[in-house]
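This is what each chain is made of:
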Amino acid sequence: MSIKQLASELNVSTATISYVLNGKAKEKRISDQLAKKIKKYAKEHNYNPNLLASGLRSGKTKIICLMVEDIADVFFASVAGYIEQIAYDRGYKIIYCSTKNNTLKAQELINTFRNRNVDGFIITPPLGIEKDIQSLLDEKLPVVIFDRAIEGLDISYVGMDNFESSYNATKHLLKEGFNKIAFLTIESVQSQMQERLEGYEKAIHEAGKEVVIEKIDYVLRHERIVVDKIEDLILKNPDVDAIYFATNYLGIRGLETINKMGLELVKDLGMLVFDDCDLFRVHQPNISAIAQPISEMSVQLISLLLKHLDGGTEYKPETKIIPAKLMIRDSTQKRKI
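These numbers were taken from a predicted model, which means no experiment stands behind them. (Residues numbered from 1 in each chain as written. Predicted model: local features only at pLDDT ≥ 70, side-chain atom pairs only at ≥ 80, totals over all residues. Heavy atoms only, no water.)

**Student:** Can you explain the packing of aromatic side chains? Please cite residues and give values.
**Tutor:** If you walk through the whole model with that rule in mind, you get five aromatic pairs. Centre to centre, the rings of F75 and F76 are 5.0 Å apart; their planes meet at 65°, and the pair counts as edge-to-face. Judged by its relative accessible area of 3%, F75 falls in the buried class. Taken together, the ring pairs in this structure connect F75, F76 and F146 into an aromatic cluster. The ring of F274 has R196 sitting right over it, with the charged end atom 3.8 Å from the ring centre. Across from the ring centre of Y167, 5.0 Å away, lies the NZ or CZ of K202, which sits over that ring. (Phe/Tyr/Trp six-rings, centres within 6.5 Å; stacked < 30°, edge-to-face > 60°. Buried < 20%, exposed > 50% of the residue type's maximum accessible area, 1.4 Å probe, protein only. Lys NZ or Arg CZ within 6 Å of the ring centre and 35° of its normal.)

So this is what it looks like as structure tokens:
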């Protein structure tokens, strides 16, 4: 069924059909009753617009590319869920893809979706794709980056203050009486990971304590070898009384290690994780964590991109920094000094 046939059957204009199916019914003051009728009829008759033809006519495909580090990761999957619903309500569909922090893969994905005429991009950028992102901006394609900033690029960014969040979390551990705090992170020069490390180091140095840092190869982050490395860290530093994990997947490996070694949380070792998840909330004893503002970040991300899309060729970069929340639980309860 063509859009003309659909309009004829319902005795409305093709423009009205288009506005409703593209999420612009309220904007064009089309009644909710008529909008529901059109959507229901279109669904019952399996109406599918020719997006390619529509895109050629309007210059819009109503498709957005969400390019993240790993769509299977709890954080990125949660962000995707929020973004998808808001985009859908505005008549847009989302294409998801993962870069796995691989620069070449990210470049190929950008070229692929640029050639597919997507309307805009939301990207967590791996290192080395600054020129590729700049080329999108040069072509007047709206782009918003998140989770990690890119120095020297005039671009919209949504994120959180990783440095301040990490600094405050480490200060909390010190205040609770932990004397030697180890920091477990991944081998990375990305801004968000560096800021988490720097926040930890600043708090430790201010307290006159010793830093203990262990870095894991990003490629090995989900492998069993991480458990062995955490065990080595504990055995080589028997006076470490708390471990601060820079990501939730490292924190999960940390719990595996603690169980494997027969240690008890709180009694033998304190624990704090950057990036909260359900496991840390329900685990007994439950785990203190820094909760990233997922819903707020997601709303800002898609709202900002849609604002750029509605603004035509004029692109005015904006930065949105949203505070995180430290969820204090049993694993960092006060210790006797």
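**Student:** Give me empty space enclosed by the protein: which residues, what numbers.
**Tutor:** Inspection of the entire model under this criterion finds two cavities of 30 Å³ or more. Each pocket or cavity is described by its volume, and for the largest cavity that value is around 180 Å³. Forming the boundary of the largest cavity are 18 residues, of which F76, D147, R196, T247 and Y249 lie nearest the centre. Looking at the lining of the largest cavity, the elements with two or more residues in it are helix 5 (74–89), helix 9 (191–206) and helix 11 (248–260). Residue contributions to the lining of the largest cavity peak at three residues, all from helix 9. Along the lines of polarity and charge, the residues of the lining of the largest cavity split into six nonpolar, six polar and six charged. If you add up the space inside the second largest cavity, you get close to 30 Å³. Looking at the second largest cavity, the residues that line it are E69, D70, D73, F76, Y218, R221, H222 and Y249. The residue inventory of the lining of the second largest cavity, partitioned by class, reads three nonpolar, one polar and four charged. (1 Å grid on protein atoms, 1.4 Å probe; cavity = no way out; pocket = protein on both sides within 12 Å on 5 of 7 lines; lining within 4 Å. Points joined across faces, edges and corners; volume = space filled by probe spheres on them. Helix = DSSP H or I, 4+ residues; strand = E, 2+ residues; numbered from the N terminus. Nonpolar A, V, L, I, M, F, W, Y, C, P; charged D, E, K, R; others polar.)

**Student:** Just give me the short version of the packing of helix 8 (residues 162–175) against helix 9, but keep the residues and values in it.
**Tutor:** It is at 7 Å that the axes of helix 8 and helix 9 come closest, and there the two elements cross at 35°. Relative to helix 9, the crossing made by helix 8 is right-handed. Listed contacts from helix 9 to N162, F163, S166, Y167, T170, K171 and L174 of helix 8 are Q192, E195, R196, E198, G199, Y200, K202, A203, I204 and E206. When grouped by side-chain class, the residues that make up the contact of helix 8 with helix 9 number six nonpolar, five polar and six charged. (Axes fitted to C-alpha atoms, helices over the stretch in contact; angles between N-to-C directions. Left-handed = near helix turned anticlockwise from the far one by under 90°. Contact = heavy atoms within 4.5 Å.)

**Student:** Let's hear about a nonpolar patch on the surface: which residues, and what values?
**Tutor:** Residues I252, L279 and V282 make up a contiguous nonpolar surface patch of roughly 220 Å² in combined accessible area. Inspection of the secondary structure assignment puts V282 in helix 12 (residues 278–282). (Patch = residues over 30% accessible without salt bridge, like charges linked within 9 Å, V, L, I, M, F, W, Y side chains within 5 Å. Areas by Shrake-Rupley, 256 points an atom, 1.4 Å probe, with all protein chains shown as cover. Salt bridge = Lys/Arg side-chain N within 4 Å of Asp/Glu carboxyl O.)

**Student:** Any details on the nonpolar core? Residues and values, ideally.
**Tutor:** Core analysis: the largest hydrophobic core is formed by 45 residues, its most contacted members being I181, L184, I243, Y244, F245, L250 and M271. Sequence-distant contacts of F245, defined by excluding residues within four places in its chain, comprise L184, I230, L250, G251, G254, M271, L272, V273 and F274. Grouped together as the second largest cluster of nonpolar side chains are 24 residues, V79, A80, I122 and V158 included. (Core = buried A, V, L, I, M, F, W, Y, C linked by side-chain atoms within 4.5 Å.)

**Student:** Break down the sheet that holds strand 11 (residues 319–321) for me, citing the residues and quoting the values.
**Tutor:** Two orientations exist for strands paired in a sheet by backbone hydrogen bonds: parallel and antiparallel. Taken in spatial order, the six strands of this open sheet run 2-1-3-4-5-11, and their pairing is parallel. Edge strands, defined here as strands with exactly one partner in the open sheet, are strand 2 (93–98) and strand 11. Going from strand to strand, the sheet's axes swing by 15° on average, the running direction of each strand aside. In this sheet, strand 2 lies alongside strand 1 (residues 63–68) in parallel orientation, the contact comprising six bridges. (Pairing = 2+ DSSP bridges.)

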